[in-house]
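Observations on chain architecture
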Amino acid sequence: TGADPLEHGRQSATERLLEHSWDSRERRGTEREIVVEATAGLLFVSVAALLVLAGGLAGLRPGLALLLVAVYAVVGRIEFPIGAGHVVPTQLILVPMLVVLPPAAIPVAVLCGLVGGSTLGWASGRVPARRVLSAVPDGWHAIGAAAVLLLAGSPRIGFDQLPLLAAAFAAACTVDLASALARMRVAGVVPDMRV
């Protein structure tokens, strides 16, 4: 590209990652990637349904749940590019969901927020249609958090349960990372782990 080698050496890993990711953002998903996303999405929906059956929705306040889903959809549209993907600050809404929604409802609420936000982005021409499909398995982090709370007996989260909330949040982060790396690996995308 004729770039100055000294300038390349001065770029941070983040700058190099962003610079080299724009081409992969614009390309269409391969058939293999679409199959992986669809399969991961079906698995997510199945596990979320099992959690609803196991944990129930007792105590669900529909108005509050709809508000959280709407805010989640809006916050999910704020993206920070990282590599060929992106990160979103949805944890800002996930934590209140962990506090006020029944644990079994959290994955369903996250699913609705992610798909709703992606559908709006697609309808406005800002994101490709495949992002609606990939929004479904992007919700795996909610499964980790909900599972921790269900295993703890679905307690009401208050200041005395902050360690439990921290464990649920850690589970969300761990499951999110594992799911993203597994999907990329199965789709044939090998991330640069150093970056």
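What counts as what
- Residues numbered from 1 in each chain as written.
- Predicted model: local features only at pLDDT ≥ 70, side-chain atom pairs only at ≥ 80, totals over all residues.
- Heavy atoms only, no water.
- Helix = DSSP H or I, 4+ residues; strand = E, 2+ residues; numbered from the N terminus.
- Expected span 1.5 Å × (residues − 1).
- Buried < 20%, exposed > 50% of the residue type's maximum accessible area, 1.4 Å probe, protein only.
- Contact = heavy atoms within 4.5 Å.
- Core = buried A, V, L, I, M, F, W, Y, C linked by side-chain atoms within 4.5 Å.

1. Side note on helix 4 (residues 31–55)
- Spanning 25 residues, helix 4 covers 36 Å between terminal C-alpha atoms, matching the ideal 36 Å at 1.5 Å per step.
- If you check which residues of helix 4 are buried, you get Glu33, Val36, Glu37, Ala40, Gly41, Phe44, Ala48 and Leu51.
- Buried residues along helix 4 sit against helix 7 (106–123), helix 8 (130–135), helix 9 (140–151) and helix 10 (162–187).
- Within two residues after helix 4, Gly56 carries a phi angle of roughly 70°, on the positive side.

2. Quick notes on the environment of Leu101
- For Leu101, the position within the fold is in the loop between helix 6 (91–100) and helix 7.
- Expressed as a C-alpha distance, the spacing of Leu101 and Ala146, which sit 45 residues apart in the sequence, is 10.0 Å.
- Beyond its immediate stretch of four places on either side in the chain, Leu101 contacts Leu60, Ala65, Leu68, Ile106 and Ala109.

3. With respect to the nonpolar core
- Ranked by size, the top nonpolar core spans 23 residues in total, and within it Met97, Leu98, Leu101, Ile106, Val110 and Leu149 carry the most contacts.
- Broken down by secondary-structure element, the contributors of at least two residues to this core are helix 5 (62–75), helix 6, helix 7, helix 9 and helix 10.
- A total of five residues in this core trace back to one element, the largest contributor, which is helix 5.
- Beyond its immediate chain neighbours, meaning those up to four positions away, Leu149 contacts Leu98, Pro103, Ile106, Ser154, Pro155, Ile157, Leu164 and Ala168.

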